[in-house]
Amino acid sequence: MSNSHLPEHIIRPEILALSAYHVPPAAGMIKLDAMENPYSLSPELRDEIAQLTANAPINRYPDASAAALKEKLRQTLAISDDIDILLGNGSDEIIQIIAMAVAKPGAVIIGVEPSFVMFRMIATFANIQYVGIPLTQDFSLNLDVMLAAIVKHKPAVIFLAYPNNPTGNLFDRAEILSIIQATSGIVIIDEAYQAFADASFINELDQFPNLLLMRTLSKSGLAGLRLGFLLGRSEWLIQLEKMRLPYNIGIMTQIIAEKVLHHTSVLSKQADAIKSERTKMSTFLATIDNIKVYPSKANFILFRIHAAAQIFQALKQHKILIKNLDGTHPLLENCLRVTIGTPDENSQFCSTLQTILSKTV
Ligand code: PMP
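Please read these numbers as outputs of a predicted model, since none were measured by experiment. (Residues numbered from 1 in each chain as written. Predicted model: local features only at pLDDT ≥ 70, side-chain atom pairs only at ≥ 80, totals over all residues. Heavy atoms only, no water.)

A.B. asks: Where do I start with the side chain of T352 in this structure?
C.D. replies: With respect to the element layout, T352 can be found in helix α14 (residues 343–360). Taking the relative accessible area as the measure of exposure, T352 reaches 12% and is therefore buried. (Helix = DSSP H or I, 4+ residues; strand = E, 2+ residues; numbered from the N terminus. Buried < 20%, exposed > 50% of the residue type's maximum accessible area, 1.4 Å probe, protein only.)

Written out as structure tokens, the structure is:
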């Protein structure tokens with residue numbers, strides 16, 4: 001390779017400086033790291049899906065507008081005719097579409113920190129300045145700092161995850177509403193964990209012209225399908241739709257998601273089971289000395305523990321994979337995040353943690 005053909009001469013410096021999004025190997029592990037739903041669908045529903053997919057015309061491109069799936073979503077969510085739907089290959093792709101659409105020179109995206117890392121990464125991909133406003137010590141919004149940043153940066157977009165990942169809490173509704181009203185840009189409320197939260201901004205969509213709501217089927221049970229969606233007024237969605245790649249939602253995703261949306265009670269029963277396990281896990285963790293458990297409205301729990309990195313490694317040696325957040329942000333020092341699994345997986349996590357702690361004291 002001649003000197004002029006080196007990647008460092010061609011690739012943008014901010015991409016050279018990035019580390020790729022890391023997905024740790026998980027074969028043979030109890031997988032409590034990625035906020036997946038641990039339950040599968042019933043054998044009957046899987047048989048029905050098998051029939052449908054066996055007969056799918058996979059030699060043809062899928063329906064480019066995914067009309068049947070969108071219609072089913074519209075019914076399921078009971079949204080008004082003024083609200084449109086944009087589908088993405090996971091909500092990650094929707095974040096990317098939004099970032100690309102606003103990437104004018106000088107454009108700014110605001111988020112909070114710590115939050116979902118892809119907001120910042122995708123802003124970087126799109127060559128947009130990302131301003132991350134630190135949360136308070138208890139992971140609430142720093143409202144005054146947010147409002148000042150809105151005045152200073154005039155952001156094109158503000159991303160707020162509700163509940164937030166990795167902290168698990170819901171931000172104050174009135175504070176979010178004041179942010180929506182203060183900005184002349186758009187506010188994306190990312191409701192990836194809505195199935196576990198009993199809270200949403202869906203009823204506010206009609207009220208605020210600059211509010212858009214993003215959801216995903218990943219956390220409620222269909223992570224393997226990759227289906228995210230954005231809800232908002234058509235004046236925004238007509239523009240964003242132009243950026244969607246043709247056929248971004250594959251035929252299997254369209255068929256399976258539509259089928260499962262006819263059986264949403266299956267997913268909501270699973271979400272109920274996850275919520276009740278969340279209560280048990282929180283209660284258990286709170287009984288352990290030196291652990292601080294943060295309240296969660298999502299399908300995971302954030303906790304702080306002395307020597308978190310060692311505890312994480314020890315759990316891994318016992319074939320339990322959770323997420324180590326120590327060192328990722330000053331507010332997350334010694335923090336670990338565990339996804340709620342099946343009752344059996346959760347009790348294995350709890351007993352293994354107890355064993356590890358009894359050996360380290
Ligand atoms: N938003 C938040 C807040 C998340 O935590 C995640 C996944 N970790 C996503 C979006 C991405 O979800 P999807 O699988 O739909 O791309």
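A.B. asks: Can you help me understand the packing of helix α7 (residues 143–153) against helix α8 (residues 173–182) in this one?
C.D. replies: Describing two packed helices takes the angle between their axes plus the distance from one axis to the other. Running from N to C, α7 and α8 point in directions that differ by 10°, and their axes come no closer than 10 Å. In terms of orientation, α7 and α8 fall into the roughly parallel class. Packed against α7, whose contacting residues are L143, M146, L147 and I150, the element α8 presents E175, S178, I179 and A182 at the interface. (Axes fitted to C-alpha atoms, helices over the stretch in contact; angles between N-to-C directions. Parallel < 35°, antiparallel > 145°, perpendicular 65-115°, else oblique. Contact = heavy atoms within 4.5 Å.)

A.B. asks: Where do I start with the sheet that holds strand β8 (residues 228–233) in this structure?
C.D. replies: Remark on secondary structure: sheet strands pair via backbone hydrogen bonds, oriented parallel or antiparallel. Pairing in this open sheet of seven strands is mixed, and the strands run β2-β8-β7-β6-β5-β3-β4 from one edge to the other. The open sheet has two free edges, formed respectively by β2 (83–88) and β4 (129–134), since each of these has just one partner strand. Adjacent strand axes in the sheet meet at a mean angle of 25° when their direction is disregarded. Note that strand β5 (residues 157–161) and strand β6 (residues 186–190) share five bridges and pair parallel. Considered in β6, the bridge of F159 is made with I188. Taken strand by strand, α8 contacts β5, β6 and β7 (211–216), and its axis lies near 170° from that of β5. Sitting on the sheet, helix α10 (residues 234–241) is in contact with β2, β6, β7 and β8, with an inclination near 135° to β8. (Pairing = 2+ DSSP bridges.)

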